[in-house]
Amino acid sequence: MTPMDPKKIFTESGIEIKSVYDQPTSTPAFPGQFPFTRGIQPDMYRGKLWTMRQYAGFSTAEASNQRYHYLLSQGTTGLSVAFDLPTQIGYDSDHELSDGEVGKAGVAIDSIKDMEILFAGIRLEDITTSMTINSTASILLAFYIALAKKQGADIRKISGTIQNDLLKEYAARGTYIYPPKPSMRIITDIFEYCSKEVPKWNTISISGYHIREAGSTAAQELAFTLSNGKAYVKAAMEKGLDIDVFGKRLSFFFNAHNNVFQEVAKFRAARRMWATMMKELGAKDERAMMLRFHTQTGGSTLTAQQPLNNVVRVTLQALSAVMGGTQSLHTNGYDEALSLPTEEAARIALRTQQIIAFESGAADTVDPLAGSYFVEALTDELEQKAWEYIHKIDAMGGSVSAIESGYIQQEIAAASYEYQRSIEQGTRLIVGVNHLQVEEPPFDKHFTVDDSIRQVQIEKLRQLKNERDPSRVATCIKRVEETASTGNNLMPVIIDAVEQYATLGEIADAMRRVFGEYR
């Protein structure tokens, strides 16, 4: 029988779901013990709840700062910054390619001045901040460090995460600037600098989220993410860094979709696989083998039809992340298939996490689905499928080679095609889309960002350039180019440049002139 046979049920990863599970699998080790299948902490949420980190950023730094203060007042425990596309790909707001995109997909950040406004009234020593930034991660981290210094903070105490994961950009998302080799060099420069100067900072968030958003299966998300992680570890070790030091500052970012049991199994398998992988790579400190991860609920699962149904979807996805042992969580707004989330939708999304934390009982015991014949079997089967992919990628020479050959992209595209075909053929039911449709009035609660934002940012840039010392900026930009050419660590000279009010675009262009652009 094929996976399309209606007499059998399969996950999108091709795992057959039996009608009943009546055989126990091997009993996993206790939570907090290698290989951490059941969680990285012995007491998990009984000791400390996950960080409720709502992803937000839009328009100007002033507007996003207001949203951050609102979320903090409503009980969020960590900030997560979304940047607009020009910021993500290294263009200032006044660049011609920025036209039409300033402040749309996130907040526009052109200089340290914008960063000061973004975090006005927020002490960086008192909050953890996650920044979804990749190609320009070194520059945004430099803005953050420079701002922390201006606030009088001890930068050795500031904590947070930069995504800084370029391999998934080539494979699934597309906001890359430089070719793979110089991108890997910048990433490992950040590893090296932070291990010495900002030791509490998570230097990379190895992201399966966007791989899943691009259409991968759960098994592919697991395999391709861990394989990318392996590539970063090898690159850092080749640079001479200690796996037992930088390994403790690696984190992961996974998606959560609607199949609760599959997602729980995926998170459990991920911990076990990463611990095994790090041990094989030479880690001796168990803390360097622990897979710590952030979860975001599935953006691609949200429907524009009957959007209030998304509240239920997000609840199921968030519950799977909690029962799977996530360290931090973002829940999407129910309206995000239609626009940026309104304040009301953001509040409901945060309340979803809080209700799970304080009312559901899911946080009362560690790994509550452990021992379920079904979940243990799914954990084993997802792990087996993921290892099959990883062994193929290893045979190709690792993730960089697999991406350069197009293998990973082709696998994701094929899975995405099969998923869409199953919806169109009606073998996969999506409530409100191809099943149980209703006539609906137009949705009228859109949150929009006006195109006039670009002019606001252009005026800020004009004023900045009039006030700063142009000779100091020119000297700093020249040093960035020279350092990029010589191979010394880029972070100190980038920080010097932002402290002299060099813009994001100027610094990114300095590296473009040396590294070129990836096509």
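Up top you'll find the structure we're talking about.
Here is a short report on the structure shown in this document. Computed from a predicted model, the values in this text were never measured in an experiment.

Things to note about the pattern of salt bridges
Move 1: One pass over the structure, following the stated rule, counts 34 salt bridges.
Move 2: Between Arg 287 and Asp 285 there is a salt bridge, and its shortest N-O distance comes to 3.0 Å.
Move 3: For the salt bridge of Glu 517 with Arg 519, the shortest nitrogen-to-oxygen distance reads 3.2 Å.
Move 4: A relative accessible area of 32% means that Glu 517 is categorised as partly exposed.
Move 5: What makes Arg 519 exposed here is its relative accessible area of 79%.
Move 6: Counted as one network, the salt bridges with shared partners bring together Glu 12, Arg 212, Glu 221, Glu 263 and Lys 266.

Focus on the packing of helix H4 (residues 137–150) against helix H19 (residues 504–515)
Move 1: It is at 10 Å that the axes of H4 and H19 come closest, and there the two elements cross at 140°. Classified by the angle their axes make, H4 and H19 are oblique. Taken as a pair, H4 and H19 cross one another with a handedness that is right-handed. Contacts between H4 and H19 involve Ser 138, Ile 139, Leu 140 and Phe 143 from the former and Leu 504, Ile 507, Ala 508 and Met 511 from the latter.
Move 2: Partitioned by chemical class, the residues of the contact of H4 with H19 number seven nonpolar, one polar and no charged.

Focus: the sheet that holds strand E11 (residues 328–330)
Through backbone hydrogen bonds, the strands of a sheet pair up, either in parallel or in antiparallel fashion.
Move 1: Taken in spatial order, the nine strands line up as E7-E6-E5-E4-E3-E11-E10-E9-E8 in an open sheet, and their pairing is parallel. Edge positions in the sheet fall to strand E7 (201–202) and strand E8 (204–207), since each has one partner strand and no second.
Move 2: Here strand E10 (residues 293–297) runs beside E11; their pairing, made up of three bridges, is parallel. The residue of E11 that forms the bridge with His 294 is Ser 328.
Move 3: Against the sheet, helix H11 (residues 310–323) makes contact with strand E9 (250–256), E10 and E11, and its axis sits at roughly 165° relative to E10, the strand it touches most.

Brief notes about the side chain of Thr 11
Move 1: Position of Thr 11 among the secondary structure elements: in the loop between strand E1 (9–10) and strand E2 (16–17).
Move 2: Apart from the residues lying within four places of it in its own chain, the contact partners of Thr 11 are Ile 17 and Gln 262.

Thoughts on the layout of surface pockets
Move 1: Of the voids in this model, the largest pocket is the one considered here, and its volume is about 1,600 Å³.
Move 2: Elements with a contribution of two residues or more to the lining of the largest pocket: E1, helix H7 (209–213), H11 and helix H15 (407–424).
Move 3: At nine residues, the largest contribution of residues to the lining of the largest pocket is made by H15.
Move 4: Counted by class, the lining of the largest pocket contains 18 nonpolar, 20 polar and nine charged residues.
Move 5: Lys 48, Thr 51, Asn 202, Arg 292 and Gln 327 are, among the 38 residues lining the second largest pocket, the residues nearest its centre.
Move 6: Looking at which element gives the most residues to the lining of the second largest pocket, the answer is strand E5 (residues 128–132), with four residues.
Move 7: Looking at side-chain class alone, the lining of the second largest pocket contains 11 nonpolar, 19 polar and eight charged residues.

Remarks on the environment of Ser 73
Move 1: Following the sequence through the fold, Ser 73 ends up in helix H1 (residues 61–73).
Move 2: On the accessibility criterion, Ser 73 (52% relative accessible area) is exposed.
Move 3: Placed 162 residues apart in sequence, Ser 73 and Ala 235 show a C-alpha to C-alpha distance of 41 Å.

A look at the packing of H4 against helix H18 (residues 491–499)
Packed helices, taken two at a time, are described by the angle between their axes plus the distance between the axes.
Move 1: Between H4 and H18, whose axes approach to 9 Å, the crossing angle comes to 60°. When the axis of H4 is compared with that of H18, the two are oblique. Our pair here, H4 against H18, has a crossing hand that is right-handed. Mapping the contact onto sequence places Ser 138, Ile 139, Leu 141, Ala 142, Phe 143, Ile 145, Ala 146 and Lys 149 in H4 and Met 491, Ile 494, Ile 495, Val 498 and Glu 499 in H18.
Move 2: Here the contact of H4 with H18 is composed, by residue class, of 10 nonpolar, one polar and two charged.

Rules and cut-offs
Per chain, the residues get numbers from 1 upward, laid out in the order the sequence is written. Only residues with pLDDT of at least 70 are given local features in this predicted model, and only at 80 or more are side-chain atom pairs given and counted; all residues enter the totals for whole chains, interfaces and linings. The side-chain figures draw on all heavy atoms in the structure; neither hydrogens nor water molecules are used. The rule for a salt bridge is simple: a side-chain nitrogen of Lys or Arg has to be within 4 Å of a carboxyl oxygen of Asp or Glu. For each residue, the accessible area found with a 1.4 Å probe, counting protein chains only, is set against the maximum for its type, and the residue is called buried under 20%, exposed over 50%, and partly exposed in between. Throughout, an axis means a line fitted to C-alpha atoms (over the contacting stretch in the case of helices), and angles, computed between N-to-C directions, take values from 0 to 180 degrees. Helix and strand assignments follow DSSP, with helices taken as H or I runs no shorter than four residues and strands as E runs no shorter than two, numbered in order from the N terminus. When describing relative orientation, an angle under 35 degrees is termed roughly parallel and one over 145 degrees roughly antiparallel, while 65 to 115 degrees is termed roughly perpendicular and anything else oblique. Crossing handedness: left-handed means the near helix sits turned counterclockwise from the far one by under a right angle, and right-handed means the same turn made clockwise. Two residues form a contact once any of their heavy atoms are found within 4.5 Å. Ten residues, namely Ala, Val, Leu, Ile, Met, Phe, Trp, Tyr, Cys and Pro, are considered nonpolar, four, namely Asp, Glu, Lys and Arg, are considered charged, and the remaining ones, Gly among them, are considered polar. One requirement defines pairing of two strands: DSSP has to find at least two bridges between them. Method remark: on a 1 Å grid restricted to protein atoms, a set of points is classed as a cavity if a 1.4 Å probe fits but cannot get out and as a pocket if it is open with protein on both sides within 12 Å along at least five of seven lines; lining residues have an atom within 4 Å of a point. Grid points are joined across faces, edges and corners, and a volume is the space filled by probe spheres set on the points.

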